[in-house]
Structures are given as C-alpha cells and as structure tokens.
Amino acid sequence: MKSSRWRLLGLAIGATLLATGCTPGVQSVSIASGTATQVVSRQAAWGPLVQAIEKSEAASMYKLQTAVNIQNGNLHTSFTVYGTIQQPDMASIQVHENNFNIAFYQQGQVAYQQDGTIWSPAQPVSTLNAYAGYRDVVEYAMAHHFPLVQMNRTYVVDEYCNVYRVIVPNGTVSLPAFLGGAPGASSTELSSHASEVAYVFYVGQTTGYIRQIQTQSVGVVDSVGSLIMQTSTIFQDIDNTQLAKVQIPVSLAQQLEQGVQ
Amino acid sequence: MVKSWKTVGLWVWYVFWALFANAVYVWILRPLVDDLALYGVLAVIAIILLWMTSLKRPIRRRWLMYTLFVLIVAEGYSTLAFASKLKQALVAIVMLVLLWLLAMLIGRVRPVASLLGGASVLIAQVFLPLNDWAFLTHFRVLQDAQVNLRVQNSPEAPFAVIPVKGGQAIITIDSHIPTKQELEQRAISATDSPDALYNVLQTAQGEYEIVELKSVGGHLKKVVPSPQDLARVNPLDLVRAFFPYELANWYVENGRVYEYLTPFLTDQQAVEAALDPASYPASFQAIANQASAKEVANWDDCLAQLGVKPDRSGVYISNDRLMGLGAARGSAVTMQAESVVGEGHFTTAQDNQILLVGDNSLHVYDVNLGRIVASYQGSADNPVPNDIRIGPLVSGGRDAVFVNASPAYILTVSPQGTWKRVYTAPSQSFRFETVLTGVRLYPEILTNDPSYIRNSPVRYFSAYRFVPSADGDGQLVRVWRVFRTNVVNETPLHLQGVPSEVLALDIYGTGDYLIIAPSNTPVLPAACAALAAIIVGGWLYRPRRNEEEGSR
C-alpha cells in the first residue's frame, strides 16, 4: 500500500518535470529592443524630428549597438558593431563580420586595431559621429516633400519613444570615403539599382535624443538578385559621463607596456 | 533443437523490439511532444502507461529496463560526433558495454539477447542516423552522406545544380586540409608578394575543395568536377553563407579548384563602414556589388586557367541583359532585372515564361511574345527577396510564385497580368521549400514551419495542399509532417539512373546531405497498428510465474 503511494508520487513528479520542458521558454534578447508596427498619423510634422537630430548631433558621448542583417536565399549573414564614442576623436569599438572579429581603439591621433589577439597601429578615423548622415536623409525628404509618417509609441532601451518613418531613395546619404569612387556606389546608380529605404527614427520622449534607427531596404546585386537588408542602430547612455566614457582596452595597454608596438 | 530454435526466436524478437521501440520514439512519441506541447506530453504518458499495463508483473521490470536500454543506446550514439571513424566506433562500443552492464545490474535483462538488441540499433545507425529515421514515414532514403564543413563559416553544403549528361549534378564544397609535405612545399614557394607567406599559412587549415556530387548508378559520388562542369556554375551560389562579408578566393592546383576565405573589407574599411550607420543601406549595397563582381572575376579566372570559358546553363542575367535565349541560346534582351528565378507558366498554363527578380520587383518574361507580360513591385515595407519558389497550386494549373519574406506569401498572376496574394503564412518563420508534382493527385507544397501550438520557432519539414476558397484566396491543409528539423536546401533533382525525380537536401549545421524519394508506403499507420497489436497481445498473454520470461 505504502509503496504504491510512493510510486504515484514519483509518477506525478516525473510528469511535472516532463511537462515543464514544454512550457513557454525565455525568449532570447534581441538587439532591437522595440519595433513600431502601426501607423498612427500619415502626416506628421517635421519639427520634433529635426530638433532631435540637432540635439543628438551635439551629444558628446554615447554607446552604440548596430546590426546589419542580409537575407540571401535561406541564409542570413550579419555585421554587428558594439562601441563607445566620445567626441571629437575617441572611440572604442568591436566589429563582427560573420565570424571575423575586429577591435578598434582611437584617441586623437593614436589608433590601434586588433586582429585575433594582437593589436597593431591603424589610421585614425577622421569623423567620429555616428549620428552624422541622418540629417542628409531628413533634409532630402523635406526638400522633396516626402510624407513623414508617425507610428505607435515604442519602448526602446529605457524610455518611451515617438516613432517617425520616412521613405527615401537609396543613395541620399554620402558613403564612407573608401567607397567614394567605387563602381556602383554613386547616388544615381544606387537609386536606380536598389529599392527605396525606409528609415524609422525613435525619438526619446524624456531625453529628446534619437535612441534607435531602423532601416528596411532591398539591395540588388548582379548574379545574386535582391537581398533584403535590415539594419538597426541603438544609442544608449547618451552624455552619461560615467558609462559612456572611452577607456583604453586592457589588452592594448598590456601589449604596449611589454614594449610591443 | 527445439530449445535452440526458441532462443533464436527470442533473439529475433529482442532485435525487432530494439528497432521498433526506437522507431516508435522517432515516429510517434517525439512528434507528439514536438507538435502538441503539453497535450503531447500527456498523450505520451498515456501511451506509455497503456503499454506498461500490457507487461505482466514477472516480466515488467526486465522489459522496461531493456526498452530504456535500447532507447538510451540509440540516442547516445546519435549524439556522438567524432571526425575519425575509429574513435567513433570505439566510443560507441564502450558506451554500449557500460550501458549493457548497467541494464543487467538494474534490470536483470537477458545478457545475450540484450547485447544483440543494443548492437542492432548501433548498426542500423551506421546506415541511417536515428534522427533521419523521421524521413522514413514519407520517403525512401536513397543516400545519407556528408561533406566536411567548418560550420562557423559554412553551416550547410551549398548546392549549385548543373545539367550533366543524363540528368543533373551538384557542385559543392568539401573541407581540404593539405598534408604536411604539401604545406611545406607551398610555404617555401610563396614568394610572389610581401604577404604571400602569410596568406598561405593563415588559411592553410581552413581551405575547401570544389567537388561534384555526381550520380553513379543512382548514388551521388564525390568526384573532381570537369572544367566543363565548373563552367556551368554560378559561383555566387557557392558563397551565400558568408556573402558579402567574406570573400571566397579560388585557385587552381593540379586541375582542382580550391577555396579559402578572407574578409572582404580591410579592418580600416570595416571600421569606417561601421561608424557610419546612416549609410548602411547604401554602403552594404555597394559592398555586395563589389564582392559579387570580384567573385565572378576570380571564378572566371580559374576557368581560364582550366582552359574553359563560362558556359552558364539555362537563361541568366548578366549586366542587365537576359542571356541564353533562343534555340542556339545565343540571343539576349536588355532587361531591368538582376537574376532569374526559373522557368514556368505564370499567366497561362501553356506559354513558356521566365520569372525574374529585379529592383524589389518580379517580372514575368514571355519567351514566345518576347516581352514582359506582368510585373510586381514590392515596397520598402513589403520587400521581394531573392528567396522564391515556383510551382502549381492545383494539378495542371498555372504556376504560382512562393515568396519567402516574413511572413511568406503566395502570389498568382491572372492571364491579364494582375497579381493577387492568395495566401499569407500565419507564422513569421514559415518557409516554402519546393513544390512536388506527380507524387499525388495534387501538388505537394513542401515547407519548413513551426508548430501552431508551441511558441517555439523550431521548424519541421512538412507538406501542404492548396485548397482554393470561393473568393479566389485559399488555405493550406497539411498533408504530412516529417519531424526532422534543420532540413534546408530542398532541391528537386533528376539523377542519371533514377527514373523519378528525387530530392536533395542539407541538414543545417552539419554538412550532412540526403537524397530522398517520395514513398506511398503507409509506414506510420503500420507502426501504430503494430504498437496497438503488441499492447493487446500483452494483455492476452499470461507468463508462467516461476519461469520469469516472456515472449516480449
């Protein structure tokens, strides 16, 4: 009698343990903390967005997380960046290109890059403002009277944001210098050989900074076809002198202390 | 004599049960949990309890332990992964013996019969791994083989399908590690540029060889591709897993083509691109186009070294021109499109038409009329990717266009050239893989899609039938589901020596590939019936108390 009761208890515990395997699990944290989905207003005013861009461009330090995802057939490839930037000329960032990893550190005229575990001297980057460029998008859209759409309020990182979306031709933003004269990289070629780009700006309701920018577009590549390209850029700890301060990477300091340039 | 026959019968029964218990696990029990979540767990518990009631007291412990033993042996072996076959075999034998000793100790199982049963599930898996038994419910597995990949840069074997005499073949990649002598020879002769030695040594352990999977008597065999076969390949089909961030560098040595990967951007360029997020859509578009041009030039260069010119099969796009038209395949027309999806019958069920992907758009080009007869324009919100399948929705009907966006959807074109979205997938991760015709009365739409009940995004290989509704839209009704996940690159293939069309597919993250052919044998109903018969048989069976052995 006693043993059958124990057996029943054992069975109940066993069944519970089995069942917990199928209950909703913890979802993995996504780099994009929020995505607006509904259109609230088809004709929003440009004023608040322009102000946010001006305020953000003037920010002196921030952390940055970006991701570029490209869908090619059934496969996705990604380019992700984590970094801290301090105006005008300090930065510490990590770039992950699929499975190649690069680290980069800059202070003024001093710059180092890391491949694997070894740091080596690099060229400093002249303009270190990740907010630069968005002004081109907004000014182009205003000049051409493109509609600005307001979307539902969305929570990003640590505050609610007003969300604006505008669709512009590809190639309205000037490219990084190394792509300047490259074939297929002129703005006319880009606008004729790639889809329009939807830029979605998330403007913090409390701080007034731009907190997140997402883009959605279709790149068109010869012999490959169309690639869906989604990017997301998140800014955090903006002007937070404690958290967004650029520091010399420990491994770089150690290497230089040992006298290895 | 009588006794020995009885022993042999017992052994056969033990071996049968070892294989059958694992088949029931893969075909019935695991799918219930995978598809129906908590309800499935309850159903599995019910089935197990029902089965246990059929085991009479004197034999219950023994059979319970024996069943657990063969399940654990099979599952254990299926998770072993050693590069060397010898190591794999040794570990498998050690595992089998230890589990067998444990089963004898705890379950007092019959020693010889149990060992035979355990060994049989190992041997069965040499032919077909446990996880791939799932295919057997709806397919015959013609081949289960693998290429060696480094999954961090190539999670699946790329399939570039080319026409060969009597059928089709696949060009793919296989890991190639040079021997010590080869490497020494190459290192010492790397003298032609300042970084030549660095290039040779840095990539030596990460090289691939371009290989061909060619039908030899209905079996795919890994061979060195002929230059003529390589000339038919679109090299961009081989680089999808890392394009455009990593560049495949191809070179020819002793008539073979080898590949190694380097980052496309220099560190400095990657950092500059990274720090300018506003221009990502433009910069990565430009980077992708440059990478594409470089890959094509590099491939063509290798072909030139092998003494052949590119001879792309079928129709294709090059520099905004549709090439390979006409009887001699010499004609071309100018076209604002970037790639060919395939040929089909889109606006009528007869005319030969070509589906093209362009600037976020689809175009149907009619070969006979010589012009575009229908165009579909995507938007920034609603993009058209290059991940598209073609096939009929109903038998003998016009071809529909299956677009793998998120969510995926199906488009049809009317004879007037107007497009209609007839179906939108209920889940963001739903994918269309291919359309099988000629197996059943209706086309089977093969997909990878998740359970409707669980909130897990895990996808299973499934087939659906399109059922039109009155308003011209339709629903997909599931025909079957193979509970195998990570099934990718489903590619219909005509093999020399095989009369009907077969499917080639990859198992994501492994380098394994399978060749399967649809089968109409009712494997699953038969297994259910057999299980029911065994349970009922157990209820009717009365073991003698003192003998402590049973027919099961």
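Quantities reported herein were computed from a predicted structural model and do not represent experimental measurements. (Residues numbered from 1 in each chain as written. Chains lettered and ligands numbered in written order. Predicted model: local features only at pLDDT ≥ 70, side-chain atom pairs only at ≥ 80, totals over all residues. Heavy atoms only, no water.)

Thoughts on helix α3 (residues 134-143) of chain A
Residue and element names in this part refer to chain A. Looking at α3, one finds that the buried residues are Tyr-134, Val-137, Val-138 and Ala-141. For α3, the angular spread of the buried residues around the axis is 90°, confining them to a single face. Residues of α3 that are buried sit in contact with α2 (47-57), β9 (159-168), β10 (197-204), β11 (210-221) and β12 (225-236). Of the residues one or two after α3, His-145 is the one with positive phi, at around 55°. (Buried < 20%, exposed > 50% of the residue type's maximum accessible area, 1.4 Å probe, protein only. Helix = DSSP H or I, 4+ residues; strand = E, 2+ residues; numbered from the N terminus. Arc of directions from axis to C-beta. Contact = heavy atoms within 4.5 Å.)

Things to note about the confidence of the model for chain B
Summarising the model, chain B shows a mean pLDDT of 88, and 96% of its residues fall at 70 or more. In the predicted structure, residues 545-552 of chain B sits below a pLDDT of 50 and forms 23 contacts with residues beyond four places in sequence or in another chain. (pLDDT = per-residue confidence, 0-100.)

Concerning the interface of chain A and chain B
Many analyses report the size of an interface as the accessible area lost when the parts associate. Across the contact, 82 residues belong to chain A and 73 residues belong to chain B. Connecting chain A to chain B are zero salt bridges. Our count for the chain A to chain B interface comes out at 16 residue pairs in polar contact (both at pLDDT 80 or more). A per-class count over the side of chain A that touches chain B returns 46 nonpolar, 30 polar and six charged. (Salt bridge = Lys/Arg side-chain N within 4 Å of Asp/Glu carboxyl O. Polar contact = N/O pair within 3.5 Å; in protein donor to acceptor, adjacent residues only side chain to side chain. Nonpolar A, V, L, I, M, F, W, Y, C, P; charged D, E, K, R; others polar.)

A short note on the domain arrangement of chain B
Domains assigned within chain B are domain 1 (2-138 + 528-540) and domain 2 (144-305). Between the C-alpha centres of domain 1 of chain B and domain 2 of chain B the distance comes to 43 Å. (Domains from an automatic or database assignment.)

Notes on the side chain of B:Asn234
By the secondary structure assignment, B:Asn234 is in the loop between α7 (227-231) and β6 (246-253). Not counting residues up to four positions away in its chain, the partners in contact with B:Asn234 are A:Ser223 and B:Arg312.

Digging into the environment of B:Ala470
Within the fold, B:Ala470 resides in the loop between β21 (459-468) and β22 (474-482). The exposure class assigned to B:Ala470 is exposed, which follows from its relative accessible area of 89%.

Regarding the pairing of strand β2 (residues 160-164) of chain B
Residues and elements named next belong to chain B. In this sheet, strand β3 (residues 167-176) lies alongside β2 in antiparallel orientation, the contact comprising five bridges. If you follow Ala-160 over to β3, its bridge partner there is Ile-171. Between the antiparallel neighbours β2 and β3 lie two residues, among them Gly-166 with a positive phi of about 85°. (Pairing = 2+ DSSP bridges.)

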